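Now for the letters of each chain:
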Amino acid sequence: DVLAVNLDTGKKSGAFFKAMEELPAFTFHLLEKDAAVERVKEQMYSRDVKFALIIKENFSSFVEKEEGDKEEKPLELLVDPSVNVQTQMVLRSALDGKLAKLRGDAFIDSIGGFLDSAGIDKEKLKAADESQVAVHYIYKRGRSVKIPSAVQQSVPAWLVFSMFFIVIPLSNTFISERGQGTLMRLKSMNVSRFALITGKMVPYLFINAIQVIMMIGIGVHVVPFFGGAALTLSNSLGGLILIAASVSFCAISLALLIACVAGTTEQATTIGGVLNIIFGALGGIMVPKFVMPGFMQDIAILSPMSWGLEGFLAIFLRTGSASDVLPERLTLFILGGVMLPLTMILLRR
């Protein structure tokens, strides 16, 4: 949403504003003509609008001049400080592009007589309104599905984060049982360490499975109810199950290892919470990896959350199959397979 004030009385400002209204990415709300800058700022705060465009009095004369004064700025953009630079650049580029086209068309109109005498069609010289760049999304095996939306990136990200956050309750439960003597009693009944570990893993595997179903259900049904785009699912149910199981297995293995390393529930909560935050920050959960600096993208590979997120994105976003998530699946299983023997050794000690 962009508030707009047109202080110009010429025809060019009306044509410019009409051209800007055709942009699909922005919705312009025209305020009264005599609105002062302070009034515009108050409207921005009250409506929670991040941008306001002021078309100055000299706009039409600026457009019709062959050479504009560099110090003369016909447009003023008011921006909320919370808006990121990338979003500002999108609007500024759109404004600059429409202004340049308007000035170019005005110049062609001014020399229309010469062009007519030379037999040149001036309409063909004017730049086209629509973009000349064709955009195509690339999917696995050339399948064509809906255009990816923000929800198709957010749901997998927070799904992975929630599955890894099971580290805290699982490790706390394990430590509490150890402190209450439950593990000692089970050992006196000749229950093997393998049975102890399996008894902890299986219930939490089901809990994570429930989380997966609930998060996907929210993306498919709840988000559209509030006006967002629906999560589009892949046809590969096997690939989804495999990557979800891999993430769950790795997260539970990490939780058991922390439970054996930590001496108290406070230590386990601190270690588990800090590791989750670090893995989430590095792995593209809190901030998408494609907007991270280059060095951050390079070290993102160190986060197991990044492997799980890439696997889910391959299924949801790129319509991949079980074979397409093989690298992420194997990496997560290998890491979990390394942590489980360490857990067994520490448990025996």
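Rules behind the numbers
- Residues numbered from 1 in each chain as written.
- Predicted model: local features only at pLDDT ≥ 70, side-chain atom pairs only at ≥ 80, totals over all residues.
- Heavy atoms only, no water.
- Core = buried A, V, L, I, M, F, W, Y, C linked by side-chain atoms within 4.5 Å.
- Buried < 20%, exposed > 50% of the residue type's maximum accessible area, 1.4 Å probe, protein only.
- Helix = DSSP H or I, 4+ residues; strand = E, 2+ residues; numbered from the N terminus.
- Contact = heavy atoms within 4.5 Å.
- Pairing = 2+ DSSP bridges.
- Axes fitted to C-alpha atoms, helices over the stretch in contact; angles between N-to-C directions.
- Right-handed = clockwise from strand over helix to strand, strands pointing away.
- Arc of directions from axis to C-beta.
- Patch = residues over 30% accessible without salt bridge, like charges linked within 9 Å, V, L, I, M, F, W, Y side chains within 5 Å.
- Areas by Shrake-Rupley, 256 points an atom, 1.4 Å probe, with all protein chains shown as cover.
- Salt bridge = Lys/Arg side-chain N within 4 Å of Asp/Glu carboxyl O.
- Nonpolar A, V, L, I, M, F, W, Y, C, P; charged D, E, K, R; others polar.
- Expected span 1.5 Å × (residues − 1).
- Phe/Tyr/Trp six-rings, centres within 6.5 Å; stacked < 30°, edge-to-face > 60°.

Engineer: I keep staring at the nonpolar core and nothing clicks. Help me out?
Structural biologist: Buried together is how nonpolar side chains tend to be arranged in soluble globular proteins. Counting 53 residues, the largest nonpolar core has Phe 164, Leu 256 and Phe 312 as its most contacted members. Of all elements in the fold, only helix H7 (151-164), helix H8 (167-180), helix H10 (193-225), helix H11 (237-261), helix H12 (265-282), helix H14 (304-316) and helix H15 (326-348) reach the threshold of two or more residues within this core. Broken down by element, the residue count for this core peaks at 15 residues, all from H11. Apart from residues lying up to four places away in sequence, Leu 256 is in contact with Leu 170, Phe 174, Ile 197, Lys 200, Met 201, Leu 340 and Thr 343. Judged by nonpolar contacts, the second largest core, of 21 residues, contains Val 2, Phe 28, Leu 91 and Ala 94.

Engineer: When you look at the sheet that holds strand E4 (residues 75-79) in this model, what are you seeing that I'm missing?
Structural biologist: Where strands meet in a sheet, backbone hydrogen bonds hold them as pairs that are either parallel or antiparallel. Spatially, the 4 strands line up as an open sheet ordered E2-E1-E3-E4, and their pairing is mixed. Looking at which strands have only one partner, the edges of the open sheet turn out to be strand E2 (28-30) and E4. Going across the sheet, the axis of each strand differs from the next one's by a mean of 25°, ignoring polarity. Relative to E2, strand E1 (residues 2-6) runs parallel, the two being bridged by 3 bridges. Along E2, the bridge assignment pairs Leu 3 with His 29.

Engineer: Help me understand the pairing of E1, please; the structure alone is not making it clear to me.
Structural biologist: The two faces of a sheet get side chains in turn, since along a regular strand they alternate between them. Here E1 lies mainly inside the structure; 5 of its 5 residues are buried. Of the two faces of E1, the one carrying Val 2, Ala 4 and Asn 6 and the one carrying Leu 3 and Val 5 are both buried. Crossover connection from E1 via helix H1 (residues 11-21) to parallel E2: handedness right-handed.

Engineer: Would you take a moment to explain the environment of Phe 17 for this structure?
Structural biologist: With respect to the element layout, Phe 17 can be found in helix H1. By relative accessible area, which is 10% here, Phe 17 ends up buried. Considered as a pair, Phe 17 and Lys 98 are 81 residues apart in the sequence and their alpha carbons are 9.3 Å apart.

Engineer: What's the story with helix H2 (residues 37-47) in this structure? I'm lost.
Structural biologist: Spacing of three or four residues puts side chains on the same side of an α-helix, whose turn is 3.6 residues. Along H2, the residues that are buried comprise Val 40, Gln 43 and Met 44. Along the axis of H2, the buried residues cluster in a sector spanning 100°; they form a single face. Opposite the buried face of H2, by more than 90 degrees, sit the exposed residues Glu 38, Tyr 45 and Ser 46. Turning to H2, the residues buried within the fold contact E1, strand E3 (51-55) and E4. Positive backbone phi, at 55°, marks Asp 48, one or two positions downstream of H2.

Engineer: Quick question: what am I supposed to make of a nonpolar patch on the surface here?
Structural biologist: Among the surface-exposed residues, Trp 158, Ile 277, Met 286, Val 287, Phe 290 and Val 291 lie close enough to one another that they form a single nonpolar patch of about 570 Å² accessible area. With respect to the helices and strands, the residue Trp 158 is situated in helix H7. Judged by its relative accessible area of 41%, Trp 158 falls in the partly exposed class.

Engineer: Looking at this structure, how should I read the packing of H7 against H11?
Structural biologist: For any two helices packed against each other, the geometry is given by the interaxial angle and the distance between the axes. Between H7 and H11, the shortest axis-to-axis distance is 8 Å and the interhelical angle comes to 35°. In this structure, H7 uses Val 160, Met 163 and Phe 164 to contact H11, whose residues at the interface are Ala 244, Val 247, Ser 248, Cys 250, Ala 251 and Leu 254. For the contact of H7 with H11, a count of residues per class yields 8 nonpolar, 1 polar and no charged.

Engineer: Is there a simple way to explain H14 in this structure?
Structural biologist: Over its 13 residues, H14 extends 19 Å from the first C-alpha to the last, a length consistent with the 18 Å expected when each residue adds 1.5 Å. When you tally the buried positions in H14, you get 12 out of 13 residues, the bulk of the element. Taken together, the buried positions of H14 are occupied by Pro 304, Met 305, Ser 306, Trp 307, Gly 308, Leu 309, Gly 311, Phe 312, Leu 313, Ala 314, Ile 315 and Phe 316. Contacts from the buried residues of H14 go to H7, H10, H11, H12 and H15.

Engineer: For this particular structure, what's the right way to read the packing of aromatic side chains?
Structural biologist: Applying the stated criterion across every chain, the model contains 4 aromatic pairs. Ring plane angle 90° and centroid distance 5.4 Å describe the contact between Phe 225 and Phe 226, whose orientation is recorded as edge-to-face. Pair check on accessibility: Phe 225 and Phe 226 agree, each one exposed. Ring pairs connect the aromatic residues Trp 158, Phe 161 and Phe 165, which therefore count as one cluster.

Engineer: Teacher, can you tell me more about unusual backbone geometry here?
Structural biologist: Excluding glycine, residues mostly carry a negative phi; peptide bonds, for their part, are mostly trans. Even without being a glycine, Asp 48 presents a positive backbone phi close to 55°. In this fold, Asp 48 is placed in the loop between H2 and E3. A relative accessible area of 55% means that Asp 48 is categorised as exposed. In this structure, Asn 190 takes a positive phi of about 65° despite not being glycine. Looking at the secondary structure, you find Asn 190 in the loop between helix H9 (182-188) and H10. Using a relative accessible area of 70% as the deciding quantity, one classes Asn 190 as exposed.

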